[in-house]
Amino acid sequence: MAAVRFHELGLDDRLLKAVADLGWEKPTLIQEKAIPLGMEGKDLLARARTGSGKTAAYSIPIIQSLLQSKMTVSEQAVRVLILIPTKELGHQVQQMVRQLTTYCARDIKIADISGQADISAQRPILMEKPDIVVGTPSRVLIHINQKTLCLRESLQVLVIDEADLIFSFGFEDDLKSLLCFNLLRHDRPLHPAIVKPHLKNVPDYLSTCGLNDLLGNESRISPDVAQGAASLAKY
Ligand SMILES: Nc1ncnc2c1ncn2[C@@H]1O[C@H](COP(=O)(O)OP(=O)(O)OP(=O)(O)O)[C@@H](O)[C@H]1O
């Protein structure tokens, strides 16, 4: 079967142009599998080797869906939260999203709150309600506590990037505290993308980490996450 090309994925022209500028000829395997699932709004659990293009695998469908929703919804709000374990990764994710939104930078705003040491300097940035916020769980928690970040009414997509590192770096308690804020409204679908390279037992892992609460309820997780996981696990 011939390899899928980016233009066959139904992406916005501005995204396709940015991808072409990056010199990417075709999606990597993880992108080929993850982008259509993400665009369908499926919950997604992905693992793939380092450098296989996982960041774009979740960023591209996020950008595509933000561009689509901007056509009908004008109100600015934080709709996507990307949790990362380190400020270096936060910087990389922001860079990648900025490259992919080169031709729609006015429409899609991203703020990386993981890097700047001064929390007060981040307040005005968050006041502008960027569409995408990238941060470590502890930094996100601080802003939620200080009410400089409110996600409950608007959050649509949650990404936990390098989830294995997030937990091994001791962010587990922060993540559980985030749940106590009722971050999410359960009357509305939320599409989590959990990116973790070395995942052995998906349902046990999610349940141990309390992520089934985060996702809504267990019955919702099983079909979607398992479907995403099953189709991606071998890559
Ligand atoms: N479809 C593609 N074609 C060519 N290069 C790509 C493609 N997608 C991503 N890349 C490039 O591959 C490199 C690795 O991408 P990325 O950082 O997203 O991988 P990753 O799987 O998230 O890595 P890590 O596990 O280290 O975080 C980057 O330089 C990126 O620009």
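Residues numbered from 1 in each chain as written. Predicted model: local features only at pLDDT ≥ 70, side-chain atom pairs only at ≥ 80, totals over all residues. Heavy atoms only, no water.

A.B. asks: Lay out the overall build of the protein with the relevant residues and their values.
C.D. replies: A tally of helices and strands in the protein yields eleven helices and six strands. Burial statistics for the protein: of 235 residues in total, 51% are counted as buried. Within the protein, counting contacts between residues at least 6 apart in sequence, those at least 24 apart form 73% of the total. (Helix = DSSP H or I, 4+ residues; strand = E, 2+ residues; numbered from the N terminus. Buried < 20%, exposed > 50% of the residue type's maximum accessible area, 1.4 Å probe, protein only. Contact = heavy atoms within 4.5 Å.)

A.B. asks: Could you give an account of the site of the ligand, naming the residues involved and the relevant values?
C.D. replies: The ligand sits among 15 residues. The nearest are Lys 26, Gln 31, Gly 51, Lys 54 and Thr 55. Taking Gln 31, its side chain carries an N or O atom lying 2.8 Å from a nitrogen atom of the ligand. In the environment of the ligand, an oxygen atom lies 2.8 Å from a nitrogen or oxygen atom belonging to the side chain of Lys 54. Bound to the protein, the ligand loses 70% of the 640 Å² it would expose on its own. (Near = heavy atom within 4 Å. Polar contact = N/O pair within 3.5 Å; in protein donor to acceptor, adjacent residues only side chain to side chain. Areas by Shrake-Rupley, 256 points an atom, 1.4 Å probe, with all protein chains shown as cover.)

A.B. asks: How would you sum up helix H1 (residues 13-21)? Please name residues and give values.
C.D. replies: Within H1, the full set of buried residues consists of Leu 15, Leu 16, Ala 18 and Val 19. For H1, the angular spread of buried residues about the axis comes to 160 degrees, placing them on one side. The outward face of H1, more than 90 degrees from its buried face, is lined by the exposed residues Asp 13, Ala 20 and Asp 21. Where H1 is buried, its residues meet helix H3 (54-70) and helix H4 (87-100). Just downstream of H1 lies Gly 23, where phi reads positive at about 80 degrees. (Arc of directions from axis to C-beta.)

A.B. asks: Please provide a residue-by-residue account of the packing of aromatic side chains, values included.
C.D. replies: Applying the stated criterion across every chain yields a total of one aromatic pair. Over the face of the ring belonging to Tyr 103 we find Lys 17, whose NZ or CZ atom lies 4.4 Å from the ring centre. (Phe/Tyr/Trp six-rings, centres within 6.5 Å; stacked < 30°, edge-to-face > 60°. Lys NZ or Arg CZ within 6 Å of the ring centre and 35° of its normal.)

A.B. asks: So what about the environment of Ala 111? Which residues, and what values?
C.D. replies: Relative to the elements of secondary structure, Ala 111 occurs in strand E3 (residues 110-112). Along the chain, Ala 111 and Asp 131 lie 20 residues apart, while their C-alpha atoms are 8.2 Å from each other.

A.B. asks: So what's going on with the pairing of strand E4 (residues 132-135)? Which residues, and what values?
C.D. replies: Along a regular strand, successive side chains alternate from one face of the sheet to the other. Burial along E4 is two-sided: the face carrying Ile 132 and Val 134 and the face carrying Val 133 and Gly 135 are both buried. Of the pairings in the sheet, the one linking strand E2 (residues 80-83) to E4 comprises four bridges and is parallel in character. Pairing of Ile 82 across the sheet is with Val 134, part of E4. As judged from the three bridges shared by E3 and E4, these two strands associate in the parallel manner. What sits directly across from Ile 110, in E4, is Ile 132. (Pairing = 2+ DSSP bridges.)

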